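Spelled out, the chains give:
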Number of protein chains: 2
Amino acid sequence: MDEFLAAAIEEAKQGLAEGGIPIGSVLVIDGKIVGRGHNKRVQKGSSVLHAEMDCLENAGRFSAAEYQRATLYSTLSPCDMCSGAVLLYGIPKVIVGENTTFQGPEAYVKSRGVDVTVVDNTECKQLMHDFIANHPTLWNEDIGE
Amino acid sequence: MDEFLAAAIEEAKQGLAEGGIPIGSVLVIDGKIVGRGHNKRVQKGSSVLHAEMDCLENAGRFSAAEYQRATLYSTLSPCDMCSGAVLLYGIPKVIVGENTTFQGPEAYVKSRGVDVTVVDNTECKQLMHDFIANHPTLWNEDIGE
């Protein structure tokens with residue numbers, strides 16, 4: 001498996017071990033991981049720290065020129081908020097673990113010029129399938145449903 | 001002036017006094033302010049805490065039913081990320097101080113069913129006009145340009 005997707009899955013598992021929602025993300029620039037994160041709704045009582053947002057926040061401040069060389073990895077299809085962060089910063093490429101348990105606005109993000117690739121990873125799907133079955137109310141809160 | 005927009009402007013001014021980017025936001029549910037915030041790029045080295053995100057984060061966790069009774073106020077037109085947060089949580093109404101110094105994806109947000117009202121407030125415009133003139137590099141970083 002892609003080492004960067006593997007790192008995002010590690011983040012998802014760490015989130016699960018903390019009692020949180022198992023979604024992980026890493027930001028890669030010039031072939032190096034510059035930030036990593038996982039969903040912090042439970043751990044920090046956070047409404048904005050989805051995995052991708054936690055990853056971007058942990059990565060810190062970058063210029064537009066740096067973001068334009070970046071790839072964002074997420075174990076799950078980015079929601080409207082996280083997709084919006086990708087668009088804000090002009091991140092050109094997104095690698096998605098799976099989009100069967102949840103799908104964000106992938107068509108819209110692509111229409112704005114972003115290269116979105118869904119790899120349909122079994123482990124990503126299993127993590128979310130099990131989590132949603134066990135914690136449906138928490139999951140619905142996380143996606144505004 | 002609308003007391004809630006006035007509160008968002010207070011937040012923007014607080015951000016400026018802290019050496020930050022003067023954009024403020026409040027979240028109102030059932031006629032009460034339940035969260036307030038301002039841009040924290042400078043103060044926290046944050047790439048995700050735009051005013052609206054800081055406001056949502058400070059407000060804490062809400063159910064979809066609660067967000068669906070909410071109005072988000074921002075002194076400036078919400079960017080792709082902050083607009084995405086509005087869409088994620090199904091916030092039905094956004095009141096924008098101004099959209100002349102920066103304009104987010106208002107047409108798209110409206111096409112997704114959100115009521116977006118721009119009030120074209122002079123004080124909001126002056127705050128951003130002066131800030132952008134004095135700190136163009138910082139401002140460009142904040143909007144990914």
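Refer to the structure presented above.
Residues numbered from 1 in each chain as written. Chains lettered and ligands numbered in written order. Predicted model: local features only at pLDDT ≥ 70, side-chain atom pairs only at ≥ 80, totals over all residues. Heavy atoms only, no water.

Description of the pattern of salt bridges
Spelled out, the test is: Think of a salt bridge as a Lys or Arg side-chain nitrogen and an Asp or Glu carboxyl oxygen that are within 4 Å of each other. A run of DSSP states H or I qualifies as a helix once it reaches four residues; a run of E qualifies as a strand once it reaches two. Both are numbered from the N-terminal end. Exposure is judged per residue with a 1.4 Å probe applied to protein chains only, and the accessible area is read against the type maximum: over 50% gives exposed, under 20% gives buried, and values in between give partly exposed.
Under the definition given, this model contains 18 salt bridges over all chains. Asp54(B) is paired through a salt bridge with Lys40(B); the nearest N and O atoms lie 2.8 Å apart. One end of the pair, Asp54(B), is in helix 3 (residues 51-59); the other, Lys40(B), is in the loop between strand 2 (32-38) and helix 2 (41-44), and 14 residues separate them in sequence. Grouping residues by exposure puts Asp54(B) and Lys40(B) together as buried. Three or more residues joined by partner-sharing salt bridges are found here, namely Arg41(A), Glu141(A), Asp142(A) and Arg61(B).

Regarding helix 5 (residues 80-89) of chain A
Among the 10 residues that make up helix 5 of chain A, 10 are buried, leaving the element largely enclosed by the rest of the structure. Just beyond helix 5 of chain A, the residue with positive phi is Gly90(A), at close to 65 degrees.

Description of the relation of the copies chain B and chain A
How we decide: Only residues with pLDDT of at least 70 in both copies count here: their C-alpha atoms drive the least-squares fit that superposes the copies. The contact criterion used throughout is that any non-hydrogen atoms of two residues lie within 4.5 Å.
Relative to chain A, chain B is turned by 180 degrees and slid 0.0 Å along the rotation axis, the superposed coordinates differing by an RMSD of 0.0 Å. Those values place the two copies in the arrangement expected of a two-fold rotation axis. Both copies share a contact surface, since 97% of the interface residues of chain B are interface residues in chain A too.

Concerning the interface of chain B and chain A
What counts here: The term buried area means the drop in 1.4 Å probe accessible area that two parts suffer when joined, counted for both and summed. In the analysis that follows, any N or O atom pair within 3.5 Å is treated as a polar contact, provided that within protein one partner can donate a hydrogen and the other can accept it, and provided that, for residues neighboring in sequence, both atoms belong to side chains. Each residue gets one label: Ala, Val, Leu, Ile, Met, Phe, Trp, Tyr, Cys and Pro are nonpolar, Asp, Glu, Lys and Arg are charged, and the others, such as Gly, are polar.
Between chain B and chain A, the residue contacts involve 34 residues of the former and 33 residues of the latter. Together, the buried faces of chain B and chain A total about 2700 Å²; carbon and sulfur atoms form 55% of this surface. Looking only at chain B, the three residues that lose the most surface to chain A are Arg61(B), Asp80(B) and Leu88(B), adding up to 25% of its buried area. Remark: the boundary between chain B and chain A carries four salt bridges. The residue Glu141(A) makes a salt bridge to Arg61(B) at a minimum N-O spacing of 2.7 Å. Taken together, the connections running from chain B to chain A amount to 18 residue pairs in polar contact (both at pLDDT 80 or more). Looking at the side of chain B that touches chain A, the elements with two or more residues in it are helix 2, helix 3, helix 4 (64-67), helix 5 (80-89) and helix 8 (136-142) of chain B. Of all the elements, helix 5 of chain B adds the most residues to the side of chain B that touches chain A, at seven residues. Broken down by class, the residue content of the side of chain B that touches chain A amounts to 18 nonpolar, eight polar and eight charged.

The quantities given are spatial measurements derived from coordinates; they are silent on function.
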